[in-house]
Amino acid sequence: MARVEYDSHMDRLPRSAIPRVLLLAAFLAWPPEELVAPPVPEGSAGAPPVILISVDTLRADHLSCYGYSRLRTPHIDSLARGGTVFTEISSQAPITLPSHVSLFASMYPFADGIRENAEVLPSGTVTLATVFAAHGYSTAAFIGGYFLERRFGLAQGFQTYDSPFDTRPIKGALDLKRPASQVLANAEKWLEQNSTRPFFLFVHLFDLHEPYDAPAAYRARAPQSEYDQELAYVDDSLGGFLDFLAQRGLDQRALLVLFSDHGESLGEHGENTHGYFIYRSTLHVPLIFHWPRATEDGNPKIEHGNSAEASRFGLRGSALSDYRERVDAPASLIDVAPTVLSLLGIQAPPTFCGHSLLDLAKGGSSPPREVYSESSYAHDKFGWARLRSLREGDYQYIDAPHPELYDLKRDPGERQNLLPGQTALAASYRERLAALVATYRSVPVAAQTATAVASGAAEALRSLGYLDITPPESALDNSGVDPKDRIFEYKRYLLAGHLARIGKADEAAAEFQAIIADDPRNLPARVELARADVALRRYLDGAHQLQAALALNPHNVEAEELLGDIWLAMGALDRAAAEFRQLLTYAPQDYEAHMGLGLLAARLGQASEAAQDFRAALVANPLSAEAHYQLGLILELHDQKPEAVREFHAALQINPQYTAARAELAKLNPPAR
Ligand SMILES: [Zn+2]
């Protein structure tokens with residue numbers, strides 16, 4: 001597993017509680033009986049398996065099948081042969097978790113509530129994976145990057161969810177990603193056991209997300225940029241995976257869908273990565289459907305002899321002639337899940353907001369779609385204005401304190417704001433943007449809550465605390481600081497984060513202090529300064545910064561976690577306990593809080609409390625080697641040796657390099673003489 005530093009500009013924020021009513025109510029009303037039964041019978045040959053591949057942070061315009069000329073991506077291109085390339089797809093949010101949730105739940109971020117990384121999708125959310133599970137499919141996911149880790153909730157519906165990213169913030173460096181080769185090798189292992197019955201496989205490749213560390217061999221392939229080097233590496237890795245599929249006929253039987261969650265700005269508009277702005281550089285993503293080749297007898301159709309190239313994705317079975325090679329109509333990632341289900345003849349759940357692209361792919365026409373995107377990053381992180389956009393046809397309108405309107409056909413790089421010239425056109429886009437938000441914010445909530453109330457579920461909702469919420473945002477509110485006007489400050493914040501990540505904690509601290517001097521309400525700068533203070537062993541300074549951060553927002557999970565950890569490290573056990581307990585009042589499943597309380601109880605000799613806390617930590621994060629290890633220590637201390645051995649084995653299974661766990665095992669099971 002690649003060890004990389006914590007990517008501070010995409011860190012955690014508490015999620016809003018607003019949409020829980022919608023999500024839980026939807027859960028209580030779902031799945032309707034007619035959709036649950038009959039499940040796909042085991043061994044059924046009729047249903048094509050589905051393989052969904054997310055190449056995180058991949059710009060559509062860096063693929064040769066989308067016209068890129070500085071690098072060839074032959075393996076991804078091979079999916080386009082006998083497939084359909086959607087050339088104008090937008091992400092709903094240029095941030096990993098919200099974008100993937102939008103795709104899986106087919107909902108807008110303001111409706112599903114996941115607008116930032118490190119928020120938690122409530123259990124019971126209806127997603128593509130839960131629908132497949134309800135229809136008897138085997139479901140598995142193999143995750144390349146931390147932001148889709150199990151604890152953030154995308155795992156629901158998956159029987160296998162491989163995301164081994166065990167993290168504790170006080171350590172400074174976290175396991176953030178693992179290379180494509182490793183993710184795909186695990187997926188292949190799973191396929192070897194599971195590909196004979198209907199399955200849904202999700203693969204997430206995170207290599208294109210900075211920091212870049214492609215194997216040295218790729219430098220010559222793409223000397224122009226490290227980004228392209230990672231892309232060449234990912235394309236090669238996918239080539240191996242597609243060969244694996246071809247050897248098993250899965251290239252013929254399966255529906256393969258490749259997409260990205262967002263692009264990468266690579267310097268455009270002053271932004272180097274993604275998340276902050278909502279320009280095309282980060283919203284425009286690839287989407288390729290490679291259709292299954294069904295024939296009358298249910299067997300793959302082979303037409304072109306045995307040449308490897310022809311047998312792998314070059315075939316055109318009879319059914320394939322139905323599909324267009326390219327679809328240029330603008331559409332959204334929320335349309336992916338409805339498309340997949342409609343191809344399989346599975347009714348889309350009522351919570352899905354997207355529309356199937358199948359008609360378009362088959363050459364039909366459909367009315368122009370309104371494409372909505374947003375970034376809440378600057379809003380949630382720094383308290384600045386939220387950005388939202390509506391695209392229809394050639395125009396993209398961006399709602400902000402200083403709004404923008406672009407003609408994407410003439411100006412795909414969005415360099416010429418048509419405002420203040422085209423005010424009437426902009427006003428009509430803004431009106432439709434407000435209408436879209438109002439529709440998808442209120443209608444599904446009303447419909448689902450009515451269903452829930454009718455079935456007596458309101459009591460259940462209330463008892464779980466889901467009805468005790470603040471009202472949803474009332475309208476488009478674009479007051480406040482325009483992120484465009486703070487790009488300099490934002491880049492300074494990123495630079496300071498970079499200094500911290502490369503080990504220059506003292507320089508980073510000075511930079512964060514300067515940011516706070518300019519803007520004392522900059523909460524993330526305070527949290528990052530505290531992190532730098534911890535690295536410099538200035539624990540008390542760090543604690544003061546975190547207290548100031550919590551005064552700005554008493555529900556900042558990250559500040560509270562780190563503060564608890566600092567008190568714990570300083571031996572201020574009562575204070576640590578108070579922070580962790582406070583954290584659990586608004587984040588009851590918080591892994592850090594349960595781990596912290598467990599360590600505290602262990603230190604005070606309260607064995608049963610400690611064991612209980614470590615078990616709760618394992619519920620929050622079942623793949624925590626550390627929680628297994630700590631639980632093992634407690635059990636060992638209290639003579640529950642077989643149980644302790646089991647926990648140490650579990651820790652080693654997750655992390656074979658866990659030497660402390662190995663040492664305890666050796667103590668408990670001394671080698672026979
Ligand atoms: Zn991403």
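Parameters and conventions
Residue numbering note: each chain is counted from 1, following its sequence as written. Only residues with pLDDT of at least 70 get local features here, since the model is predicted, and only at 80 or more are side-chain atom pairs given and counted; chain-wide, interface and lining totals rely on the full set of residues. Where side-chain values are given, they derive from all heavy atoms of the structure, hydrogens and water being excluded. By definition, any uninterrupted DSSP run of H or I lasting at least four residues is a helix, any uninterrupted run of E lasting at least two residues is a strand, and each is numbered from the N terminus. Residue exposure (1.4 Å probe, protein chains only): buried if accessible area is under 20% of the type maximum, exposed if over 50%, otherwise partly exposed. We call two residues contacting when some pair of their heavy atoms lies within 4.5 Å. The Shrake-Rupley method, run with a 1.4 Å probe, gives the accessible areas here. Residue values count only the displayed protein chains as cover. How far a helix is expected to stretch is found by multiplying one less than its residue total by 1.5 Å. Polar contacts, as counted here, are pairs of nitrogen or oxygen atoms within 3.5 Å of one another; within protein the pair requires one atom able to donate a hydrogen and one able to accept it, and residues that are adjacent in sequence qualify only if both atoms are side-chain atoms. Counted as donors are the N, O and S atoms within 2.8 Å of the metal, or 3.2 Å for Na, K and Ca, while water is not among the atoms, so some sites may look incomplete. With axes taken as lines fitted to C-alpha atoms, and helix axes fitted only over the stretch in contact, angles between N-to-C directions fall between 0 and 180 degrees. Angles are sorted into four bins: roughly parallel if under 35 degrees, roughly antiparallel if over 145, roughly perpendicular if 65 to 115, and oblique for all others. Crossings are classed by handedness, with left-handed meaning an anticlockwise turn of the near helix from the far one by less than a right angle and right-handed meaning a clockwise turn. Only Asp, Glu, Lys and Arg are considered charged, only Ala, Val, Leu, Ile, Met, Phe, Trp, Tyr, Cys and Pro nonpolar, and every remaining residue, Gly among them, polar. What counts as a ring pair is set by centres within 6.5 Å for rings of Phe, Tyr and Trp (its six-membered ring), and what kind of pair is set by the plane angle: stacked under 30 degrees, edge-to-face over 60, tilted for all other angles. In our convention, an over-ring charge means Lys NZ or Arg CZ found within 6 Å of a ring centre and within 35 degrees of that ring's normal. For two strands to count as paired, DSSP must find a minimum of two bridges between them.

## What to know about the overall build of the protein
When helices and strands are tallied, the protein shows 28 helices and 15 strands. Counting across all 673 residues of the protein, residues that qualify as buried make up 58%. Taking contacts inside the protein between residues at least 6 apart in sequence as the whole, the part at least 24 apart equals 68%. Surface summary for the protein: the accessible area is close to 26200 Å², and the carbon and sulfur share equals 52%.

## Details of helix 22 (residues 557-570)
Over its 14 residues, helix 22 runs 20 Å from end to end, which matches the ideal 20 Å to within 8%, given 1.5 Å per residue. Across the 14 residues that make up helix 22, a large majority, twelve, are buried. Taken together, the buried positions of helix 22 are occupied by Val-557, Glu-558, Ala-559, Glu-560, Glu-561, Leu-562, Leu-563, Gly-564, Asp-565, Ile-566, Trp-567 and Leu-568. The N-cap residue of helix 22 is Asn-556: its side-chain oxygen and the backbone nitrogen of Glu-558 are 3.3 Å apart. Two residues or fewer past helix 22, Gly-571 is found with a positive phi of approximately 80°.

## Points about the coordination of the zinc ion
Within the protein, the zinc ion binds to Asp-56 (OD), Asp-56 (OD), Thr-96 (OG1), Asp-261 (OD) and His-262 (NE2); these donor distances fall in the range 2.0 to 2.7 Å. Look at where the donors of the zinc ion fall in the sequence and you get D-x39-T-x164-D-H. With Thr-96 in helix 4 (residues 96-105) and Asp-261 in the loop between strand 8 (255-259) and helix 11 (280-283), this pair connects stretches of sequence that are 165 residues apart. Both residues of the pair, Thr-96 and Asp-261, count as buried.

## Describing the side chain of Arg-388
Among the secondary structure elements, Arg-388 is positioned in strand 13 (residues 387-392). The exposure class assigned to Arg-388 is buried, which follows from its relative accessible area of 3%.

## Observations regarding the packing of helix 27 (residues 641-654) against helix 28 (residues 659-668)
The description of two packed helices rests on the angle between their axes and on the distance between the axes. For the pair helix 27 and helix 28, interaxial distance at closest approach is 9 Å and the crossing angle is 150°. Classed by the angle they form, the pair helix 27 and helix 28 counts as roughly antiparallel. Where helix 27 crosses over helix 28, the two elements pack in a sense that is left-handed. Contacts between helix 27 and helix 28 involve Lys-641, Ala-644, Val-645, Phe-648, His-649, Ala-651 and Leu-652 from the former and Ala-661, Arg-662, Glu-664, Leu-665 and Leu-668 from the latter. Taken together, the residues of the contact of helix 27 with helix 28 sort by class into eight nonpolar, one polar and three charged.

## Some details on the environment of Pro-215
Its place among the elements puts Pro-215 in the loop between strand 7 (199-205) and helix 8 (218-221). The exposure class assigned to Pro-215 is partly exposed, which follows from its relative accessible area of 36%.

## A short note on unusual backbone geometry
Omega for the bond connecting Glu-210 with Pro-211 falls within 30 degrees of zero, at 5°, which places this linkage in the cis form. Structurally, Pro-211 is set in the loop between strand 7 and helix 8. Its identity is not glycine, yet Ser-106 carries a phi of approximately 50°, on the positive side. You can see Ser-106 is positioned in the loop between helix 4 and helix 5 (109-112). Judged by its relative accessible area of 0%, Ser-106 is buried. Despite not being glycine, Glu-414 shows a phi value in the positive range, around 50°.

## Observations concerning the packing of aromatic side chains
Under the criterion given, the structure shown has 34 aromatic pairs. With a centroid separation of 3.9 Å and an interplanar angle of 5°, the aromatic rings of Tyr-276 and Tyr-490 are classed as stacked. Placement of Tyr-276 in the loop between strand 8 and helix 11 and of Tyr-490 in helix 18 (residues 487-501) is noted, with a sequence separation of 214 residues between them. Here Tyr-276 matches Tyr-490 in class, with each residue buried. One aromatic cluster is present, built from ring pairs that chain together Tyr-276, Phe-277, Tyr-279, Tyr-377, Phe-382, Trp-384, Tyr-406, Tyr-490, Tyr-493 and Phe-512. One residue, Arg-248, lies across the ring of Phe-244, its end atom 3.7 Å from the ring centre. Taking NZ or CZ as reference, Arg-575 lies 4.6 Å from the ring centre of Trp-567, over its face.

## Topic: the sheet that holds strand 15 (residues 404-407)
Across the sheet, which stays open at both edges, the four strands sit in the order 12-13-14-15 with antiparallel pairing between neighbours. The open sheet has two edge strands with one neighbour each: strand 12 (371-375) and strand 15. Across this sheet, the average inter-strand angle for adjacent strands is 15°, counted without regard to direction. Across five bridges, the pairing between strand 12 and strand 13 is antiparallel.

## Structural notes on the environment of Ile-51
On the secondary structure map, Ile-51 appears in strand 2 (residues 50-55). When its relative accessible area of 0% is taken as the criterion, Ile-51 is described as buried. Sequence separation between Ile-51 and Val-257 is 206 residues, and the spatial gap between their C-alpha atoms is 6.3 Å. If sequence neighbours within four positions are ignored, Ile-51 has contacts with Phe-199, Leu-201, Phe-241, Leu-245, Ala-254, Leu-255, Leu-256 and Val-257.

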